[in-house]
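Architecture and fold: a report
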Amino acid sequence: MTVELKKDGPFAVLTLNRPEALNALSFAILRQIGEALDEVAAMEGIRALLITGAGEKAFCAGADIKELRNRALIDQKRGAELGQAVFARLDTLPVASVALVNGYAFGGGAELALASTFRLASSNAVFGLPEIKLGLIPGYGGTQRLPRLIGEGRALEIIMTGRNVKADEAEKIGLVNAVVDGDLLEAGREFAGRFTRYSLPALEFARQAVRRAGDLPFAEGLRVEADLSTLAYRLGDAEEGMAAFEEKRKPEFKDG
């Protein structure tokens, strides 16, 4: 399989396993990713999803260009909609996702990382949305997610020049949460462990509230926050958390 999914303790690990092609995305692979994300949503005992690419050269080098040529416009549109829909599944998973970017993350690979909740990069990671060099623009969500993450000016400059962004710059501009040395998967486990010990419903409410910040006027966003914070207050985990605080002990969350 070119997309592998396994359970690793409290984590699901999704690996793009096509290293001979730098883990490039075909439409078939996009569908496999979608199916794997459906499996993640149904997994029991999972507290985060870690996404990586096989080999040391690439997380994912982008779309398979050969598939994009000589296609009818309606097929091109459906292809873009497929990529957008698959990556949007990451927003609706019951757990957060962490992209572990080793090597190249170009085009659709960068867009997969952008769609993840968090991004960690190895020191050799290189990001890019080079579609402009082919007379194209990003089509799997890059034009929408990148400016929300790093600001419109920087995003336009990266997209309109198609230039590469190395790991140190990616960390500086907020494209990645951290650059790590050593075993990237182990770093991902450690990073995810910093938040996965908390109540999963409360974590999901936090993700929902922050996601809506990019879609709503400020006043409406505040109303969403008020609604979600009220729902969180009704959780048994909230009662446990507040009781533990008063009793000066660690809370024992039950995810409910």
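An account of the accompanying structure is given in this report. A quick note: this is a predicted structure, and the numbers were derived from the prediction, not measured.

Attention now goes to the packing of aromatic side chains. Inspection of every chain in the model, using the stated rule, returns five aromatic pairs. Relative to F195, the ring of F118 has its centre 5.2 Å away and its plane inclined at 40°; by these criteria the two rings are tilted. You can see F118 sitting in strand β7 (residues 118–122) and its partner F195 sitting in the loop between α8 (184–193) and α9 (200–213), a full 77 residues away along the chain. The class of F195 is buried, set by a relative accessible area of 14%. Relative to F195, the ring of F191 lies with its centre 6.3 Å away and its plane at 80°, an arrangement referred to as edge-to-face.

Before going further, it helps to examine helix α11 (residues 236–246). Of all the positions in α11, only D237, A238, E240, A243 and A244 are classed as buried. The inward-facing, buried residues of α11 abut α9 and α10 (218–233). Looking one or two residues beyond α11, the residue adopting positive phi is K248, at roughly 55°.

Let us now look at the packing of α9 against α10. Remark: α9 packs on α10, axes separated minimally by 10 Å, with the N-to-C direction vectors making an angle of 180°. As the angle between them shows, α9 and α10 are arranged roughly antiparallel. Residues F205, Q208, A209 and R212 of α9 form the contact with α10, whose own contacting residues are V224, L228, L231 and A232. Residue composition of the contact of α9 with α10, grouped by class: six nonpolar, one polar and one charged.

If you walk across this open sheet you meet the six strands as β1-β2-β3-β5-β7-β10, and the pairing is mixed. Unpaired on one side and paired on the other, β1 (3–8) and β10 (178–180) mark the two borders of the sheet. Strand-to-strand twist across the sheet, computed as the mean angle between neighbouring axes with direction ignored, equals 25°. With three bridges joining them, β7 and β10 adopt parallel strand pairing. Opposite S122, over in β10, you have V180 as the bridge partner.

Turning next to the sheet that holds strand β4 (residues 58–60). Strand order in this open sheet of four strands is β4-β6-β8-β9, and the pairing throughout is mixed. Each edge of the sheet is formed by a strand with only one pairing partner; in this case those strands are β4 and β9 (164–166). Within the sheet, the average angular offset between the axes of one strand and its neighbour, ignoring direction, is 20°. Where strand β6 (residues 104–106) and strand β8 (residues 126–128) come together, three bridges link them in parallel fashion.

Moving on: the pattern of salt bridges. Opposite charge on two side chains allows them to pair when their charged atoms are near. Under the counting rule described, the total for this entry stands at 13 salt bridges. Here E169 and R163 are joined by a salt bridge, their closest N and O atoms 2.6 Å apart. Among the residues examined, E169 registers a relative accessible area of 25% and is labelled partly exposed. Overall, R163 belongs to the partly exposed group, its relative accessible area being 25%. The closest approach of N and O atoms between E186 and R189, which form a salt bridge, is 2.7 Å. With E186 and R189 both in helix α8 and three residues apart, the pair spans about one turn of that helix. Owing to a relative accessible area of 41%, E186 belongs among the partly exposed residues under this scheme. Residue class for R189 comes out partly exposed when judged on its relative accessible area of 24%. It is possible to trace a salt-bridge network through shared partners that takes in D8, E186 and R189.

It is worth spelling out a nonpolar patch on the surface at this point. Together, I65, L134 and L136 line one region of the surface with nonpolar side chains, adding up to about 270 Å² of accessible area. You can see L136 is positioned in the loop between β8 and α5 (142–150). Relative accessible area serves as the criterion here: at 40%, L136 is assigned to the partly exposed category.

Moving on, we get to the environment of A115. On the secondary structure map, A115 appears in helix α4 (residues 108–115). Residue classification places A115 among the buried positions, given a relative accessible area of 5%. Discounting chain neighbours no more than four positions away, the residues touching A115 are F87, L90, D91 and R145.

It is worth spelling out the pairing of strand β2 (residues 11–16) at this point. A large share of β2 lies buried, amounting to six of its six residues. If you look at the hairpin formed by β1 and β2, you'll find two residues sitting between the two strands, and G9 has a positive phi there, around 60°. Read as a crossover between parallel neighbours, the route from β2 over helix α1 (residues 27–42) to strand β3 (residues 48–53) is right-handed.

Criteria and thresholds
Residues numbered from 1 in each chain as written. Predicted model: local features only at pLDDT ≥ 70, side-chain atom pairs only at ≥ 80, totals over all residues. Heavy atoms only, no water. Phe/Tyr/Trp six-rings, centres within 6.5 Å; stacked < 30°, edge-to-face > 60°. Helix = DSSP H or I, 4+ residues; strand = E, 2+ residues; numbered from the N terminus. Buried < 20%, exposed > 50% of the residue type's maximum accessible area, 1.4 Å probe, protein only. Contact = heavy atoms within 4.5 Å. Axes fitted to C-alpha atoms, helices over the stretch in contact; angles between N-to-C directions. Parallel < 35°, antiparallel > 145°, perpendicular 65-115°, else oblique. Nonpolar A, V, L, I, M, F, W, Y, C, P; charged D, E, K, R; others polar. Pairing = 2+ DSSP bridges. Salt bridge = Lys/Arg side-chain N within 4 Å of Asp/Glu carboxyl O. Patch = residues over 30% accessible without salt bridge, like charges linked within 9 Å, V, L, I, M, F, W, Y side chains within 5 Å. Areas by Shrake-Rupley, 256 points an atom, 1.4 Å probe, with all protein chains shown as cover. Right-handed = clockwise from strand over helix to strand, strands pointing away.

Take it as geometry only, folks, not as evidence of what the structure does.
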